[in-house]
Amino acid sequence: MKNLVVSTLLLACLGFAQNAAAPEQHGIIPANMDSSVKPGDDFFEYCNGSWLKKTDIPPDRGGVSAFAVLTDLSNKRTADLIEEMAKSKGNKVADLYHAYMDEAGIQSRGTAPLKEKLDAIRGIGDKRALAHALGETLRADVDALNNTNFHTPNLFGMWVAPDFNDSDHYAPYLLQGGLQLPDRDYYLSNSEHMKMVREKYLAHVAATLKLAGFDNPEQRAQKLVQLEHDIAETHLTLAENDDIHKANNPWTQADFAAKAPGLEWAEYFRGAGLEATKKFIVWQPTAFAGEAKLVDSAALDTWKDWLAYHLIEQYAGVLPKAFADEQFAFFGQTLGGTPQQRPRWQRAVGVVNTYLGDEVGKVYAQRYFPPEAKAQAQAMVANIIANFRKRIDALDWMNPKTKAEAQHKLTTLYVGVGYAESWKDYSAYEVNPDDIVGDLWRGRMFEYKRQVARVGTPVDKHEWSMTPQTVNAVNLPLQNAMSFPAAILQPPFFDAKAPAAYNYGGIGSVIGHEISHTFDTEGAAFDAKGRVRNWWTDADLKHFEASTAQLAAQYDQYKPFPDLALNGKQTLAENIADVAGLAAALDGYHASLKGKAAPKQDGFTGDQQFFIAYGQSRESKSRDAAMRAQVATDSHSPSRYRTFAVRNIDGWYSAFDVKPGEKLYLAPGERVRIW
Ligand SMILES: [Zn+2]
């Protein structure tokens, strides 16, 4: 939830746009606007109307956006770097890339690379062996607060992060899991769309089992999808997952047996290599109790089929073409609405970024992020923080003690710009150019072991959770830190040669957005040291909750489809961050002018450029299925509605002379002011 853009699912669905043209222009792009639309009626169309008309969604994407175009550019550069690295031998980056690209080798090996693991599943004779096998699937593949990913198809997922109760040391967090579809809603919702998805999912599971040589694939599929449905019923919703006060549940190993009976936990932890780990933080206790009970009550054979199918699904992209095509037909086309798969080289770049991201990242940072750009972005950060300080001092509703805590949080805040101060060491990760299945298995295992080894060790407050080639930004609440990778510090967010209005409306509003997360519903729960400690008074919280409820109601009204509205509560923290980020960035922009008049561009005033730059950095177009998936699962509102955050900012009304009667107009008393 704390990262700037779409969830992992959506990144997968949106894919990457091709042929990002190098921008020749510096500043806002009037040619992308639609001046026939009144800014007060639809600010998104006003900023992006012509772009929307002339832009087609490529057939291999669920959508296209500024983020996607930048991701393309970053991918292209990363691919070039990989190609260079591929020229030298014995290089892990090159070996992994080539292993993924070796379609002939993949085809000729068939399902042999999975045989040993499938045999082991077949050999499971009782629930004790099942518990061990389930433990063996645990990986460090979820992230509750930084890059935010609550989804793992394994029974449970692990996240190693600063301890809620001791922010100086790392602790293991365990999260619910077990579903292939993105969220519980896909199993439980009664909408026509979800019913259609479920029908096709059942057929997909059967088809996959059939390809792998299982007998009675339809029958098996029926039972294992029913098992996933039962798992889904135990899961918390995405909105519930965001409540960290319900998530701080330290359990000893003995607690698992007592509070979640049904699974032989000692055997599970042995399988996971965690028998020596004494304490965990369980994010969703009710889901753990429910899932453990299902391990006991559902038939052993159904669990074995579930394990086998989940294993095959995890590797389908690097199995023979029939498997990969079947997977794409369901997950890409049905679920993501993407007609055509991305070229293989782009997927290979994605794999290298996932498993050897820092290895590429350190070269990327050197080449594409000059020290001048870093200095300029750091100056903007300092300016926006200074103006956040003023906004906090000026609040009339906040208790002076709370204000002092907030100021202290700004003082200890660590803002990383461009790239991390140190890089991951991959020497323990073995890559074999002739064994892509093994490479991915070892890659996940390498990361898992690396994370397990960190448990109990001191926290590095300057650590990054994103590579420099990632087009995103992130707030790390348990470290009181945030990062802005090099790859997002480019147009339409940042351009060293553009007017200040452009940079503050673009990356400035992103910086403000991330800083605001330091104080929002979750930020209020973490103090300057990243400890879980509510530093607000009850009265502060009351005011905050009243204003945020008003904002939730505002977003509840937006309807991307007649049968589907946004969920104002699910997207609340991100919407607050958008409004607050804009307000702080506008202040920062005005301060940067130092009393001088703002230069005009194409007839637009400085403030107009600021808001248009914000709107244009949100340009985006999605296929319906991808849009529905985003509304269902993402904590961010779709771009169009993120742009509408401007209606809460007084400066937007004066910049565009927005009048009562225009669709986005809010009377001054209805505008939500939080910071
Ligand atoms: Zn955010």
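Parameters at a glance
- Residues numbered from 1 in each chain as written.
- Predicted model: local features only at pLDDT ≥ 70, side-chain atom pairs only at ≥ 80, totals over all residues.
- Heavy atoms only, no water.
- Helix = DSSP H or I, 4+ residues; strand = E, 2+ residues; numbered from the N terminus.
- Rg over C-alpha atoms; globule rule 2.2 N^0.38 Å.
- Buried < 20%, exposed > 50% of the residue type's maximum accessible area, 1.4 Å probe, protein only.
- Contact = heavy atoms within 4.5 Å.
- Areas by Shrake-Rupley, 256 points an atom, 1.4 Å probe, with all protein chains shown as cover.
- Lys, Arg positive; Asp, Glu negative; His and termini not counted.
- Charge placed at Lys NZ, Arg CZ, Asp CG, Glu CD.
- Donors = N, O, S within 2.8 Å, 3.2 Å for Na, K, Ca; no water.
- Salt bridge = Lys/Arg side-chain N within 4 Å of Asp/Glu carboxyl O.
- Pairing = 2+ DSSP bridges.
- Axes fitted to C-alpha atoms, helices over the stretch in contact; angles between N-to-C directions.
- Parallel < 35°, antiparallel > 145°, perpendicular 65-115°, else oblique.
- Left-handed = near helix turned anticlockwise from the far one by under 90°.
- Nonpolar A, V, L, I, M, F, W, Y, C, P; charged D, E, K, R; others polar.

A. Layout of the overall build of the chain. Along the backbone of the chain there are 27 helices and 9 strands. A compact globule built from 675 residues should have a C-alpha radius of gyration of about 26 Å, and the chain, at 25 Å, falls within 12% of that. With the principal axes as the frame, the chain shows a C-alpha extent of 75 × 55 × 50 Å. In the chain, buried positions account for 59% of the 675 residues. When contacts within the chain are restricted to residue pairs at least 6 apart in sequence, long-range pairs at least 24 apart make up 74% of them. As displayed, the chain offers around 26,100 Å² of accessible surface, 53% of which is attributable to carbon and sulfur atoms. With 72 positive and 83 negative side-chain charges, the chain shows a spacing of 2 Å between the two charge centroids.

B. Highlighting the coordination of the zinc ion. At 2.0 to 2.1 Å from the zinc ion lie its protein donor atoms, namely H513 (NE2), H517 (NE2) and E574 (OE). Counting gaps between the donor residues of the zinc ion yields the pattern H-x3-H-x56-E. With H513 in helix α21 (residues 500-517) and E574 in helix α23 (residues 572-592), the pair connects residues that are 61 residues apart, well separated along the chain. We note that H513, like E574, is buried.

C. Highlighting the pattern of salt bridges. Across all of its chains, the model carries 32 salt bridges by this definition. In this structure, D305 and R220 form a salt bridge, with 2.8 Å as the shortest nitrogen-oxygen distance. Of the two residues, D305 is situated in helix α15 (residues 300-315) and R220 in helix α10 (residues 217-234); the sequence distance between them amounts to 85 residues. Residue D527 pairs with R533 through a salt bridge whose shortest N-O separation is 2.9 Å.

D. Structural context of the pairing of strand β5 (residues 279-282). Sheet topology note: the strand β3 (residues 166-176)/β5 ladder contains 2 bridges and is parallel. Within β5, the position partnered with Y173 by the bridge is I281. In the sheet, strand β4 (residues 250-252) pairs with β5 via 3 bridges, with the strands oriented antiparallel. By the bridge assignment for β5, P250 is matched with I281.

E. Up close: the sheet that holds β5. Taking strand neighbours across the sheet as the criterion, the 4 strands line up as β2-β3-β5-β4 in an open arrangement whose pairing is mixed. Edge positions in the open sheet fall to β2 (156-163) and β4, since each of these has one partner strand only. For this sheet, the mean angle separating the axes of adjacent strands, direction not counted, is 40°. Where β2 and β3 come together, 8 bridges link them in antiparallel fashion. Each residue of the ladder has a partner; that of V160, found in β3, is P172.

F. Quick peek at the sheet that holds strand β8 (residues 481-485). Strand order in the open sheet formed by 3 strands is β6-β8-β7, with mixed pairing between adjacent strands. Edge positions in the sheet fall to β6 (414-418) and β7 (474-476), since each has one partner strand and no second. Neighbour-to-neighbour, the strand axes of the sheet open up by a mean angle of 15°, direction not taken into account. As defined by bridge partners, β7 adjoins β8 across 3 bridges and the pair is classed as antiparallel. Bridge pairing in β8 links L476 to A481. Each of β7 and β8 is contacted by α21, which is oriented at about 160° to β8, the strand it contacts most.

G. Molecular detail of the packing of helix α4 (residues 92-101) against helix α17 (residues 344-368). Packing of α4 against α17 brings their axes to within 9 Å, and their N-to-C directions diverge by 155°. By the angle between their axes, α4 is roughly antiparallel relative to α17. As α4 runs across α17, the sense of the crossing is right-handed. Across the interface between the two elements, K92, V93, L96, Y97, Y100 and M101 of α4 pack against R344, W345, R347, A348, V349, V351, V352, Y355, L356, E359 and V360 of α17. A per-class count over the contact of α4 with α17 returns 13 nonpolar, no polar and 4 charged.

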